[in-house]
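What follows is the residue order along each chain.
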Amino acid sequence: MSMTNYELYKVFYWAAKTGSLTKAGNHLYITQPSVSHAIKQLEESFGMTLFYRTSKGVTLTSEGSVLYSYIEQSQILITLAEEKLAALKNLESGELRIGGSDSLFKHYLLAYLEQFHRDHPAIKLHLIHGTTPEIIAFLKEGKIDLGVVRMPIVDPQLELKEGIQLQDCFVAGASYAELKNVVLSLDKLIQYPLILFSRNSRARMAITELMQGYGYELKPAIEVGSVDLLIEFARKGIGISYVTREFVSKELEDGSLFEIKLDVHLPPSQVGLMIMRNLPLSSAASNFIDYIK
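Please read these numbers as outputs of a predicted model, since none were measured by experiment. Within any chain, residue numbers begin from 1 and follow the written order of that chain's sequence. pLDDT decides what is reported in this predicted model: residues at 70 or higher carry local features, side-chain atom pairs at 80 or more are listed and counted, and totals for whole chains, interfaces and linings draw on all residues regardless. Side-chain metrics rest on all non-hydrogen atoms present in the structure, leaving aside hydrogens and water.

S.K.: Is there a simple way to explain the sheet that holds strand 7 (residues 168-172) in this structure?
M.R.: By definition, the strands of a sheet pair up through backbone hydrogen bonds, in either a parallel or an antiparallel sense. Pairing between two strands is assigned when DSSP locates at least 2 bridges connecting them. Numbering of helices and strands runs from the N terminus; a helix is a DSSP stretch of H or I covering at least four residues, while a strand is a stretch of E covering at least two. Reading across from one edge, 10-9-11-7-12 is the order of the 5 strands in this open sheet, with mixed pairing throughout. Each having just a single partner strand, strand 10 (222-224) and strand 12 (258-259) make up the two edges of the open sheet. Sheet analysis places strand 9 (residues 194-197) next to strand 11 (residues 240-244), joined by 2 bridges and oriented parallel. For Leu194, the partnering residue across the bridge sits in strand 11 and is Ile240.

S.K.: Any chance you could explain the nonpolar core here in plain terms?
M.R.: As a rule of thumb, soluble globular proteins bury nonpolar side chains together. By size, the foremost hydrophobic cluster in this structure holds 36 residues, and its most contacted members are Leu96, Ile98, Tyr108, Leu109, Leu146, Val148 and Phe288. Going through the elements one at a time, strand 3 (95-100), helix 5 (102-119), strand 5 (146-150), strand 7, strand 9, helix 9 (227-235), strand 14 (269-276) and helix 11 (283-291) are the ones with two or more residues in this core. At 7 residues, the largest contribution of residues to this core is made by helix 5. Leu8, Ala16, Leu42 and Tyr68 belong to the second largest nonpolar core, which has 21 residues in total. For our purposes a nonpolar core is just a set of buried Ala, Val, Leu, Ile, Met, Phe, Trp, Tyr and Cys residues, chained together by side-chain atoms within 4.5 Å. Each residue is placed in one exposure class: buried if its accessible area under a 1.4 Å probe, protein chains only, is under 20% of its type's maximum, exposed if it is over 50%, and partly exposed if it falls in between.

S.K.: What is the right way to look at helix 6 (residues 132-140) in this model?
M.R.: Within helix 6, the full set of buried residues consists of Thr132, Ile135, Ile136, Phe138 and Leu139. Buried residues of helix 6, seen end-on, are gathered within an arc of 160° and therefore sit on one face of the element. For helix 6, the secondary structure elements touched by its buried residues are strand 3, strand 4 (124-129), strand 5, strand 6 (158-166), helix 8 (202-213) and strand 14. Gly142 occupies a position one or two residues after helix 6 and carries a positive phi of about 80°. Arc definition: it is the arc formed by the directions from the helix axis to the C-beta atoms. Residues are treated as being in contact if the distance between any of their heavy atoms lies within 4.5 Å.

S.K.: When you look at the sheet that holds strand 4 in this model, what are you seeing that I'm missing?
M.R.: In space, the 5 strands of this open sheet follow the order 4-3-5-14-6, with mixed pairing throughout. Sheet topology places strand 4 and strand 6 at the edges, where each strand pairs with a single neighbour. On average, each strand axis in the sheet is inclined to that of its neighbour by 20°, with strand direction left out of account. For strand 5 and strand 14, the ladder comprises 4 bridges, and the chain directions are antiparallel. Following the sheet pairing, Val149 is matched in strand 14 by Gly272. Here the axes come from fitting lines to C-alpha atoms, over the contacting stretch only for helices, and the angles between their N-to-C directions go from 0 to 180 degrees. Contacting strand 3, strand 4, strand 5, strand 6 and strand 14, helix 5 crosses the sheet at an angle of about 175° to strand 4. Relative to strand 14, helix 6 is tilted by about 20°, and along the sheet it contacts strand 3, strand 4, strand 5, strand 6 and strand 14.

Structure follows, in structure tokens:
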């Protein structure tokens, strides 16, 4: 349907609905002659008479009634679509899909999600868990609106907004108390059983690259898929875990874990909010990003 035909159908709809060319014109903010001309164009295009003109207004012919039965449905759907889009714009309905790791959801986004949900309870929240490569794939496939990941991410299709900075470290429990306040070399560190995150996590990649830069190969005793397990295994004395300091602040404070001091500096990592470049965001996603300090 061309734009011209749509306008003609809209005039036809309101003329049929109101039974008056004048009332149709008033509703559409056009003159009565413009309404008459539009209906004439439509009748000529079909080669049929769509209205009977009477002293009281207009009534549909049998052919006009058939056309109206279809046009009425389309107008209802268009009105519903307009109302739906207005609700989405005003955050009165819709959904927000975010991809990230359990730890970043819990320790970084939780407070923002809580506030967003209080402000916009009608928006459904979907948190999709995954590794950084998985989150990138989800975003490109349109399965999520945005992702929260550790940087750097180099991809021309993606745009990132910097979030908080995190500091990773090695921690141990009471079983390794003799290492408290002792400065370890990397050579000494790798002689202990190390507990690391899974190989495809950004944190694991970062420490692996760092160790390789110093000429060491990491051979963990245990690999796990969650921060909670890294923390719990270290507390139980199973080994020394590589975790994000901000994620174990409670355990470091209560003394159930302590940080291993090293003779080298472990660089911090940057968290970023990731979206597709040059693609429009939903109102919910755009609004949520504004929450992030």
